[in-house]
Amino acid sequence: MRAGGQKYIFIYPFWKTRSWYLLPADERKRLMDEHIRIGLSYPRVKLNTTYSFGIDDQEFVVAFETNFPEDFLDLVQQLRETEISMYTLQDTPIFSCVRVSPAEMLDHIG
């Protein structure tokens, strides 16, 4: 992942169902293509996806960066209404963060 310098970042672990992996590859591709098409309709939101098999319990970690949190909310709502969402086992907790410098963070925590 490469941070893009946006003010807000929303990070969450992500799990797929076992039935997702039993789908034929061309069916998974069709479903992912819809997901990607929707994501591209929100150009002010940058998505970073990282595989995390064997690192922790989740399969992926996703991070959405934007200066417009309302776009993130609209994007997630639209994605949850897609066919592929049936294959999401869990995608919480969501960590909502505001970018600050390390010095600012130290000031905040004392």
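In case you missed it, the structure is sitting above this.
Here we summarise the structure given alongside this text. Fair warning: this is a prediction, and the values are worked out from it, not measured in the lab.

Now for the overall build of the protein. Within the protein, the regular secondary structure consists of four helices and five strands. If you list the helices and strands of the protein from N to C, you get β-α-α-β-β-α-β-β-α. Taken along its principal axes, the extent of the C-alpha atoms in the protein is 50 × 30 × 20 Å. Each of the 110 residues in the protein was classed as buried or not, and the buried ones make up 29%. Counted over contacts in the protein with a minimum sequence separation of 6, partners at least 24 positions apart contribute 75%. Accessible area of the protein: about 7,400 Å², with a carbon and sulfur share of 58%. Distance between charge centroids for the protein: 4 Å, based on 12 positive and 16 negative side chains.

Summed over the entire model, instances satisfying the criterion amount to six salt bridges. With a closest N to O distance of 2.8 Å, Asp 33 and Lys 29 form a salt bridge. Taken together, the residues span about one helical turn, with Asp 33 and Lys 29 both in helix α2 (residues 25-40) at a distance of four residues. Judged by relative accessible area, Asp 33 falls into the partly exposed class, the value being 37%. One salt bridge in this structure joins Arg 80 and Asp 91, with 3.0 Å as the shortest N-O distance. Here the residue Arg 80 occupies a position in helix α3 (residues 69-80), and Asp 91 occupies one in the loop between β4 (88-90) and β5 (95-98), the gap between them amounting to eleven residues. On the basis of relative accessibility, which here comes to 40%, the residue Arg 80 falls in the partly exposed class.

What follows concerns the side chain of Asp 71. Position of Asp 71 relative to the elements: it lies in helix α3. Residue classification places Asp 71 among the buried residues on the basis of a relative accessible area of 11%.

This part covers a nonpolar patch on the surface. On the surface, a nonpolar cluster with roughly 320 Å² of combined accessible area is contributed by Met 105, Leu 106 and Ile 109. Mapping Ile 109 onto the fold places it in helix α4 (residues 102-109).

Here we come to the packing of aromatic side chains. Under the defined criterion, the tally for this structure stands at six aromatic pairs. Look at Phe 14 and Phe 60: their rings are 6.1 Å apart centre to centre, the planes differ by 65°, and that puts the pair in the edge-to-face class. Highlighted residues: Phe 14 in strand β1 (residues 8-16) and Phe 60 in strand β3 (residues 60-66), separated in sequence by 46 residues. Of the two residues examined, Phe 14 and Phe 60, each falls in the buried class. Between Phe 64 and Phe 72, the aromatic rings sit 5.2 Å apart at their centres with planes inclined by 55°, giving tilted as the arrangement. For the residue pair Phe 64 and Phe 72, the accessibility class agrees, reading buried in each case. Ring pairing ties together the aromatic residues Phe 10, Tyr 12, Phe 14, Phe 60, Phe 64 and Phe 72, which thus form one cluster.

Criteria and thresholds
- Residues numbered from 1 in each chain as written.
- Predicted model: local features only at pLDDT ≥ 70, side-chain atom pairs only at ≥ 80, totals over all residues.
- Heavy atoms only, no water.
- Helix = DSSP H or I, 4+ residues; strand = E, 2+ residues; numbered from the N terminus.
- Buried < 20%, exposed > 50% of the residue type's maximum accessible area, 1.4 Å probe, protein only.
- Contact = heavy atoms within 4.5 Å.
- Areas by Shrake-Rupley, 256 points an atom, 1.4 Å probe, with all protein chains shown as cover.
- Lys, Arg positive; Asp, Glu negative; His and termini not counted.
- Charge placed at Lys NZ, Arg CZ, Asp CG, Glu CD.
- Salt bridge = Lys/Arg side-chain N within 4 Å of Asp/Glu carboxyl O.
- Patch = residues over 30% accessible without salt bridge, like charges linked within 9 Å, V, L, I, M, F, W, Y side chains within 5 Å.
- Phe/Tyr/Trp six-rings, centres within 6.5 Å; stacked < 30°, edge-to-face > 60°.

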